[in-house]
Amino acid sequence: MPHVVTQACCGDASCVYACPVNCIHPTPDEPDFGIAEMLYIDPATCVDCGACVTACPVGAITASHRLTDGQERFIDINASMYPITSADAPDTAAGLTEARFPVDPARRRPLAPIGHPDTLGVDGPVSVGIVGSGPSAMYAADDLLRYPQVRVVMYERLDRPFGLARFGVAPDHESTRSVMALFDDIAGHPRLEIRLGTEIGQDLSLEDLRSRHTAVIWAGGAPTDRRLEIDGAGSRGVTSATSFVGWYNDHPDFADLDVDLSVPEAVVIGTGNVALDVARILVRDPRELAATSIAGHALATLRNSAIGRVTILGRRGAEHAAFTLPELVGLVDGGIPVTVDQSDEVPDPSSTTDPVTRAKLEVLREVAARPTPTVPHIRFAFGRTPRTISVVDGRACGVVVDRSDGGSECVEAGLILTSIGYRGRPVPGLPFDPVRGVIPNENGRVVGDGTAGEPLSRSPLADVYVTGWIKRGPSGFIGTNKTDSAQTVATLVDDLRTRAGRAGELAAPRRGSRIASLLGRL
């Protein structure tokens, strides 16, 4: 039986390189790789060898006959991306106008490739400092440590490593969180040192790092959320989904967040995967959450929750919802009661030629036909643009929205979570693009004049690089950082080789008395 990629897919493409028959797409060298919601296995090409199962760091691949309850849809989701021939019409694709990832037999490999890095080509040791310890930082370190001359020091502000993988993934997404086992392996490398509780800009400056290391990679992510700019958004009872996620994942910055769950209704503004996560946590049975890594204070609060319905508000129609198909399927088939507002018209799936959008609409139509749950549940409400937060005595009590049909309404809620995206913030000493919320770069090499917020030139900074969300913006999944970091590391290595060839040898990192004394105390 062919293997199937399921909901937990992190997109790091380890399975692609392990597959001996090129049946997993999109590959990192294909245009759709950066935007695909997951990877897909071609059932007609898969030889059921299981190499991909071993390679996947999050356990997202399984044989189709071993799928658990709630995963059955993924058989069709994987197959729908490839040509499906029938006995009556062997030369036509059944159900799709065009396969998204047609497999070229000429590209099938007899054996899975095993890559070994080239020699670094420079004399002397190379020291690389990495700011941050999230997925992009860990993947970058893994690539760098393939070179025996390289030592890596990682600087992490918090008291625990792995960033988004630890503090951003929902506690009930245990398969996705298991990527931390891979990061634990990387962290155990003898040439990697992780300095926890070290904040760049407070304990050390960027210039300190540049003087100590041959090169510095900034992997600080996009640590702030986009604010909802409407009246009442600053009222009590309104907070960001980012903060709520940090609260239930035991992030130290949000341990004291005021979360009032004594209200019967909650609203989540936004339709991305994070919106689905926070809505699901609010209505899931706390007894199920007790077996997860959820923070103790959050579990205690959820056990006393009075919330009976969480409404997910989408500004546009269902066909434009930002959540991914795997997350929608995981929600709908994962035991959480879900409905669609009775006044919403979910478009006919045949109205789109995109197979992913079509599949989403099919699932939503199925959900819309279900009776309204009488237990705590999630309700989708599309075509509603928030206009203002309704406030009584300083506390939010609802969201006034404009409907796409021209009408308006107030959606009652005593808890309102905004989930409209993340955004990077300026780093002192580095250029910053305020429109995109990223550090300007060319393939990971920082370019600009070194003034935060004013990238006036495109001249490169000789020894500073970026990776992750602060490089490309808040897009992709945990595994997307693997290819992103590989590009940055390749640029860094090319620069080292160029510099060594020009200077005849690589200058050792400089040490200053201030940084030596500071690091000696850490």
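See the structure shown above.
Rules used throughout
- Residues numbered from 1 in each chain as written.
- Predicted model: local features only at pLDDT ≥ 70, side-chain atom pairs only at ≥ 80, totals over all residues.
- Heavy atoms only, no water.
- Helix = DSSP H or I, 4+ residues; strand = E, 2+ residues; numbered from the N terminus.
- Buried < 20%, exposed > 50% of the residue type's maximum accessible area, 1.4 Å probe, protein only.
- Contact = heavy atoms within 4.5 Å.
- Areas by Shrake-Rupley, 256 points an atom, 1.4 Å probe, with all protein chains shown as cover.
- Salt bridge = Lys/Arg side-chain N within 4 Å of Asp/Glu carboxyl O.
- Core = buried A, V, L, I, M, F, W, Y, C linked by side-chain atoms within 4.5 Å.
- Axes fitted to C-alpha atoms, helices over the stretch in contact; angles between N-to-C directions.
- Parallel < 35°, antiparallel > 145°, perpendicular 65-115°, else oblique.
- Left-handed = near helix turned anticlockwise from the far one by under 90°.
- Nonpolar A, V, L, I, M, F, W, Y, C, P; charged D, E, K, R; others polar.
- Arc of directions from axis to C-beta.
- Phe/Tyr/Trp six-rings, centres within 6.5 Å; stacked < 30°, edge-to-face > 60°.

J.: Honestly, the overall build of the chain in this entry has me stumped. Any pointers?
T.: Broken down by element type, the chain carries 17 helices and 22 strands. Expressed as a percentage of the 522 residues in the chain, the buried residues total 53%. Restricting to contacts in the chain with at least 6 residues of sequence separation, those with at least 24 account for 72%. Approximately 22900 Å² of the chain is accessible, and the part contributed by carbon and sulfur atoms is 50%.

J.: Can you walk me through the pattern of salt bridges in this structure?
T.: For side chains of opposite charge, pairing can occur when their charged atoms come near one another. Tallied over the entire structure, the rule returns 31 salt bridges. For D225, the salt bridge is made with R227, and the minimal N-O distance between the two is 3.5 Å.

J.: Help me out: how do you make sense of the nonpolar core in this one?
T.: In summary, soluble globular proteins display a tendency toward joint burial of nonpolar side chains. In this structure, I130, Y248, L282 and F380 are the most contacted members of the largest nonpolar core, which totals 112 residues. For this core, the element with the highest residue contribution is helix α10 (residues 273-283), accounting for 7 residues. When near neighbours in sequence (up to four residues on either side) are disregarded, I130 contacts A137, A140, A141, L144, V152, V153, M154, Y155, I217 and A219. The next biggest cluster of nonpolar side chains, apart from the first, holds 18 residues, and it includes W218, V427, L461 and V466.

J.: Please explain the packing of α10 against helix α13 (residues 325-332) as it appears in this structure.
T.: A packed helix pair is summarised by two numbers, namely the angle formed by the two axes and the spacing between the axes. Orientation of α10 relative to α13, taken along the N-to-C sense of each, is 15°, at an axis distance of 10 Å. One element, α10, and the other, α13, form an angle in the roughly parallel class. Crossing geometry of α10 relative to α13 is assigned as left-handed. On the side of α10, the interface is formed by N273, L276, D277 and R280, while α13 contributes E327, L328 and L331. For the contact of α10 with α13, a count of residues per class yields 3 nonpolar, 1 polar and 3 charged.

J.: I would appreciate a short explanation of the side chain of T339 in the present structure.
T.: By the secondary structure assignment, T339 is in strand β13 (residues 338-340). Given a relative accessible area of 4%, T339 falls into the buried group. Each residue touching T339, except ones within four places of it in the same chain, is listed here: V367, R370, P373, H377, I378, R379 and F380.

J.: I tried to follow helix α12 (residues 296-303) on my own but got confused; where do I start?
T.: Because the α-helix completes a turn every 3.6 residues, residues three or four places apart line up on one side. Within α12, burial applies to A298, L299 and L302. The arc enclosing the buried residues of α12, seen along the axis, measures out at 100°, which places them on a common side. Opposite its buried face, α12 presents the exposed residues G296 and R303, each directed more than 90 degrees away. Buried-residue contacts for α12 involve α9 (241-248), α10 and α11 (286-289).

J.: Even after reading the chapter, I still don't get the packing of aromatic side chains, so can you show me in this structure?
T.: If you walk through the whole model with that rule in mind, you get 7 aromatic pairs. On the basis of an interplanar angle of 90° and a centroid distance of 5.4 Å, the ring pair of F244 and Y248 is categorised as edge-to-face. Pair noted here: F244 and Y248 are both in helix α9, with a separation of 4 residues, about one helical turn. Taken individually, F244 and Y248 each receive the classification buried, so the pair is uniform in this respect. With a centroid separation of 5.5 Å and 50° between ring planes, the pair formed by F323 and F380 is classed as tilted. One end of the pair, F323, is in the loop between β12 (309-313) and α13; the other, F380, is in strand β14 (residues 377-381), with 57 residues separating them in the sequence. Neither F323 nor F380 differs from the other in exposure class; each is buried. An aromatic cluster of at least three residues, connected via ring pairs, comprises Y139, F162 and F183.

J.: How do you make sense of unusual backbone geometry when you look at a structure like this?
T.: Of note, the amide linkage connecting H25 to P26 takes the cis form, showing an omega dihedral of -5°. The phi torsion at D250 lies on the positive side, around 65°, for a residue other than glycine. Tracing the backbone through its elements, the reader meets D250 in the loop between α9 and β11 (265-269). The backbone of N443 shows a phi angle near 55°, a positive value even though the residue is not glycine. For N443, the location among the structural elements is in the loop between β20 (441-442) and β21 (445-447).

In short, geometric facts, not functional conclusions.
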